[in-house]
Amino acid sequence: MPLPLYYNWRNLLRRRLSTALTFAVVAVVVMVLAVLLSFASGIRASLAATGSPRNLLVLKPGATAEGTSILWPEEVARLAQVPHAEVDSSGRPLASPELCVQTSIPRRTPDRAIANVAVRGVDDLAFEVHPEVRIMEGRSFAQGAMEIIVGRAAQERYHDTSVGDELQLGRLGNRLFKVVGVFEASGGALESEIWAPRTILSDAYTRRFVSSVAVRLTDSSHSREAVDYVKGPTVQLEAKTEPDYYKDLSRTTREIVALTTVLVAIMAIGAVFAVANTMFAAVDGRRREIAMLRTIGFSRGAIMAAFLVESVLICGSACLVGLGVSLLLSGSRQDFLSEATWTVLAYELRISPAILAAALAASVLVGVAGALVPAVKGARTRIIEALRKA
């Protein structure tokens, strides 16, 4: 016969200080775990939403990202015969040469912290190669004009990025560009960027090359053949599908998550010891009570289950509080400095049902692991000795 739950609650309230300390430790572990998982999930979701399997991204061999790639005009010209490239109404291949540079913009925070933001110079053809990019406010820039459009995520996070604002760009920061529109890109990484006319941006930064060329294919099933052609002797450049490129960019994120997971695991071990300390104190302080329970007919299994239930109650309640705090951050936009591009990538923290389940499972595991040994010790209490010492 199990002990009633009100018995467990009564004993928890009798040890308010130790219960509160254990509660706090577990709540912090759960909160950190939930935020960590939502960070990884947010970055993956942002990168996964970027790019199309029909798009081929051509870079310089050895370049780790667009920002470190240099393609000269004669190299770009070799891409005119990429197999299975889609063509526009005039018969031109949909191959968009793009220049990627960086600029520093203050965040919309009280301290106005500076962020490195990617600026992409594109031709009008880029909007056909990247059909997910759509103007949601204002209009697109005019080629040859000192105008820019800003991604939705960038507009939300940085100063001087609203329609009508002016932003200083250029190698010396002496070119004034006017913001004429805000665009969205299905929630992908492109929304963290600023787009400008390529020729004007090239002149402002004194760049006579491009960073990459995005080639639109007729079908994603032809990507392998197109990649082999670009890497072959005719072109001799590096090529990846856009999803593969952005997946590689997330490698640093996976390393950060792995390292932070180790730290969370260490915190969880500390929480296990905190729970164990609380439950050992409970066992030592209730020897006579345990003996009386055994005397009136409660089994060792019931005693052990009672201590496990008490521990799970502490950890489960702490889990709810930790998740409640983390849910306050859910839906908020943050940014992450990519080690590959050295520009910030905006992402959205979102606590998903899977994260809730993982946090709950972790808290239950901590509760059971911390209470198991004290519970066994309590169940093995010798009735006669405990009553005599009382």
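All values reported here derive from a predicted model rather than from experimental measurement. (Residues numbered from 1 in each chain as written. Predicted model: local features only at pLDDT ≥ 70, side-chain atom pairs only at ≥ 80, totals over all residues. Heavy atoms only, no water.)

> Sorry, what's going on with the overall build of the chain here?
The helix and strand tally for the chain stands at 13 helices and twelve strands. Taken across its 390 residues, the chain has 47% of its residues classed as buried. When contacts within the chain are restricted to residue pairs at least 6 apart in sequence, long-range pairs at least 24 apart make up 78% of them. Accessible area of the chain: about 18,200 Å², with a carbon and sulfur share of 60%. (Helix = DSSP H or I, 4+ residues; strand = E, 2+ residues; numbered from the N terminus. Buried < 20%, exposed > 50% of the residue type's maximum accessible area, 1.4 Å probe, protein only. Contact = heavy atoms within 4.5 Å. Areas by Shrake-Rupley, 256 points an atom, 1.4 Å probe, with all protein chains shown as cover.)

> Help me understand the environment of M279 in this model?
Residue placement: M279 occurs in helix α9 (residues 251-285). Taking the C-alpha atoms as reference points, M279 and E310, 31 residues apart in sequence, are found 8.6 Å from one another.

> Explanation requested: the confidence of the model for the chain in the structure shown.
Averaged over every residue, the pLDDT of the chain is 82; residues scoring 70 or more account for 83%. The spread of mean pLDDT over the elements of the chain runs between helix α13 (residues 383-389), the lowest at 56, and strand β8 (residues 194-197), the highest at 96. (pLDDT = per-residue confidence, 0-100.)

> Quick question: what am I supposed to make of helix α8 (residues 242-249) here?
Structurally, the α-helix is built with 3.6 residues per turn, so residues lying three or four positions apart point the same way. Listed in full, the buried residues belonging to α8 are E242, Y245, Y246 and L249. One side of α8 holds all its buried residues, which, seen down the axis, span an arc of 90°. (Arc of directions from axis to C-beta.)

> Looking at this structure, I do not really get the pattern of salt bridges. What am I missing?
Oppositely charged side chains can form a pair if their charged atoms are brought close together. This structure, assessed with the given rule, holds 14 salt bridges. One salt bridge connects E66 with R120, and the closest N-O pair in it is separated by 2.8 Å. Of this pair, E66 sits in the loop between β1 (55-59) and α3 (73-77) while R120 sits in strand β3 (residues 114-122), and the two are 54 residues apart along the sequence. With a relative accessible area of 3%, R120 lands in the buried category. (Salt bridge = Lys/Arg side-chain N within 4 Å of Asp/Glu carboxyl O.)

> How do you make sense of the packing of aromatic side chains when you look at a structure like this?
What characterises a pair of aromatic rings is the spacing of the ring centres plus the angle enclosed by the ring planes. All told, the structure shown has five aromatic pairs when counted by the stated rule. Judged by centre distance (5.5 Å) and plane angle (75°), the rings of W72 and F209 are edge-to-face. Of the two residues, W72 sits in the loop between β1 and α3 while F209 sits in the loop between α6 (198-204) and β9 (212-216), which places them 137 residues apart along the sequence. A relative accessible area of 38% means that W72 is categorised as partly exposed. Residue classification places F209 among the buried positions, given a relative accessible area of 16%. Residues Y245 and Y246 carry aromatic rings whose centres are separated by 5.0 Å and whose planes lie at 80° to one another, so their mutual orientation is edge-to-face. (Phe/Tyr/Trp six-rings, centres within 6.5 Å; stacked < 30°, edge-to-face > 60°.)

> Where do I start with the pairing of β8 in this structure?
Along any regular strand the residues' side chains alternate between the sheet's two faces. The pairing of β3 with β8 spans four bridges and is classified as parallel. The residue of β8 that forms the bridge with G121 is A196. Relative to β8, strand β5 (residues 147-151) runs antiparallel, the two being bridged by two bridges. The residue bridging V150 from the neighbouring strand is I194, located in β8. (Pairing = 2+ DSSP bridges.)

> Would you mind going over the nonpolar core with me for this structure?
Generally speaking, nonpolar side chains in soluble globular proteins are found buried as a group. Core analysis: the biggest nonpolar cluster contains 26 residues, and V133, F141, I149, L190, W195, Y245 and Y246 have the highest contact counts within it. In terms of residues, this core owes the most to one element, α8, which gives three residues. Setting aside residues up to four positions removed in sequence, I149 forms contacts with F127, I135, R139, S140, F141, V180, G181, F183, I194 and W195. Among the nonpolar cores identified, the runner-up in size contains 22 residues, and V101, V150, V179 and L201 belong to it. (Core = buried A, V, L, I, M, F, W, Y, C linked by side-chain atoms within 4.5 Å.)

> Teacher, can you tell me more about the environment of A358 here?
Here A358 lies in helix α12 (residues 353-379). Given the relative accessible area of 33%, A358 is considered partly exposed. Sequence separation of A358 and V30 is 328 residues, and the distance between their C-alpha atoms is 9.4 Å. Among residues more than four places away in sequence, those in contact with A358 are L33 and L37.

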